[in-house]
Structure formats: structure tokens, C-alpha cells
Amino acid sequence: MSTLFIVSTPIGNLEDITLRAIRILKEVDLILCEDTRETKKLLDKYEISKQLLSYNAHATDARHTEVIELLREGKNIALVSDAGTPTISDPGSMIVARAREALGDELSIVPIPGPSALLSALAASGFPASDFLFLGFLPHKKGRETLFKEIAASERTVVFYESPHRFEKALLQLSAVAVGRRICVARELTKLFEEVKVGTVEEISAYYTENPDKMRGEFVVVVSSI
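Conventions adopted
Residues numbered from 1 in each chain as written. Predicted model: local features only at pLDDT ≥ 70, side-chain atom pairs only at ≥ 80, totals over all residues. Heavy atoms only, no water. Phe/Tyr/Trp six-rings, centres within 6.5 Å; stacked < 30°, edge-to-face > 60°. Helix = DSSP H or I, 4+ residues; strand = E, 2+ residues; numbered from the N terminus. Buried < 20%, exposed > 50% of the residue type's maximum accessible area, 1.4 Å probe, protein only. Polar contact = N/O pair within 3.5 Å; in protein donor to acceptor, adjacent residues only side chain to side chain. Contact = heavy atoms within 4.5 Å. Axes fitted to C-alpha atoms, helices over the stretch in contact; angles between N-to-C directions. Parallel < 35°, antiparallel > 145°, perpendicular 65-115°, else oblique. Left-handed = near helix turned anticlockwise from the far one by under 90°. Nonpolar A, V, L, I, M, F, W, Y, C, P; charged D, E, K, R; others polar. Pairing = 2+ DSSP bridges. Right-handed = clockwise from strand over helix to strand, strands pointing away.

On to the packing of aromatic side chains, then. Enumeration according to the criterion identifies seven aromatic pairs in this entry. Aromatic side chains Phe167 and Tyr208 sit 5.0 Å apart centroid to centroid with 80° between the ring planes, which places their arrangement in the edge-to-face category. Here Tyr208 lies in helix α8 (residues 201-210) and Phe167 lies in helix α7 (residues 167-177), a separation of 41 residues in the sequence. Considered together, Phe167 and Tyr208 belong to a single accessibility category, that of buried residues. Each ring, one from Phe167 and one from Phe219, has its centre 3.9 Å from the other, and the planes form 5°; the classification is stacked. With Phe167 in helix α7 and Phe219 in strand β10 (residues 219-223), the pair connects residues that are 52 residues apart, well separated along the chain.

Here it is in C-alpha cells:
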């Protein structure tokens, strides 16, 4: 039986990797990764030499077939993303689903837990986390306004990702529907310029208006429950 390992990798600081993850990356026959250049940085740090195969959101049917055939042949494969836990707001979920459908009981799928921007931001926020809603990256246009209204009405803590290009717009849209609501913005988690800000949506909006140079990197936004 072959194994597809879903391996979590650092979201910034390369020291944030488990001993088990390092061992698995050394033992597998090959590694599926979003960007071979990014994964190679991690492998070089831990002196791991392994065949890399590109797998991302643009993966073709031919690439899916290739991976499934390698697993059918008995190869053990590690799936990694550029950062964090594969399949969470990540195209890796496609190959996991297709491989399971194609191979069934002939395949073992094993998650190797580790870093997650979602959980790191939630922990740092101090907001209630026994029950929360994760939305991943919000849609660029269609349904976006409606989604913000749903976030404002939620009785659960809500977490979503946002890119630096749409972060300012996200704050404006949130301010319009969630007046006085406390939010946490976690930026560049585990990296050199990591920053976690907590306050009302108005306070956070004012902070970034006064510090436009800080609208860089990937953002995790946590909105406290009502």
C-alpha cells in the first residue's frame, strides 16, 4: 500500500517544522509542491535531497493521472504547500480527493500536523475559539458584500485571509457593517516583521490608514463573535 502524506510546513520561520515532518520528507519517494523553488529552500536547510514535482492550482488532468499512477505503483509521496497546511485554502485538496477516489483502500492518506496561519492568528487574538467559522480567502467581487454582512451578524468568531491588495477594501467593508466590533489583524506571522493588532474595527482601520507602509504581506483577520 502506498501512502500520500499531507505535510505541514513553516508559514515563515523555517524552524517551525516538526521532527516527524522532517523524517517523512527524507523518507518519501518524491514531494509534490506548489513552487519547487520555495520548497527547495526548506529542503536545503534540513539537508534533504528529494525529487520534486510541481503541483498547484493549475495542475492538469495529465498531472493528476501521473501522480495517481505513481501512487498505484507503490510510491510514497509527500504533499506540501508553499507555507502552512496543505488543502486548507490550498489546491492540494484536489489531488487528495482524486487519489482517494481512484485508489480507495489501496491508498493510505496520512496528515502530518504542523503550522497553520489560521490557528496561529486565532490563538494570538484572544477571542473565543471553541466555536469559530473559517472562510479562507474571500471572493474578489461576487457575493463579497453579502459575505461581510453575514460576518457582522455571526454569533461565532470568524476568520478569513486577505491579500495586501484587497486588505484596505476589506477593512472599509467591515467598518460599514460591524461598527464597534473587535477584530484582530495578524500580518507576516512567524516572519521578521510579524505584527498582531487587536482593537475595534475603527481603531484598526485608523492604524493602517496612518501606517500605509504596513499594508504588506499576507493578512489573517479574526472578527470576534457578537
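Attention now moves to the side chain of Arg187. Here Arg187 shows up in strand β8 (residues 182-187). Here Arg187 falls in the buried class, since its relative accessible area comes to 6%. At 3.4 Å, the side chain of Arg187 and the backbone oxygen of Arg216 are in polar contact. The contacts of Arg187, once residues within four sequence positions are left out, are Phe193, Glu194, Glu195, Tyr208, Lys214, Arg216, Glu218 and Phe219.

On to the packing of α7 against α8. Packing of α7 against α8 brings their axes to within 10 Å, and their N-to-C directions diverge by 150°. Regarding the angle of α7 to α8, the classification is roughly antiparallel. Helix-helix and strand crossings are classified by hand; for α7 and α8 the assignment is left-handed. Counting all contacts with α7, which are made through Phe167, Leu171, Leu174 and Ser175, the residues of α8 involved are Val201, Ile204, Ser205 and Tyr208. Within the contact of α7 with α8, the residues separate by chemical class into six nonpolar, two polar and no charged.

Here the focus is the pairing of strand β3 (residues 51-54). Strand direction decides the pairing type here: strand β2 (residues 30-33) and β3, joined by four bridges, are parallel. Paired with Leu32 across the bridge in β3 is Leu53.

As a further point, take the pairing of strand β6 (residues 132-137). In terms of strand pairing, β6 meets strand β7 (residues 157-162) through four bridges, oriented parallel. Each residue of the ladder has a partner; that of Phe137, found in β7, is Tyr161. You can see the chain leave β6, run along helix α6 (residues 144-153) and come back into β7, and the turn it takes is right-handed.

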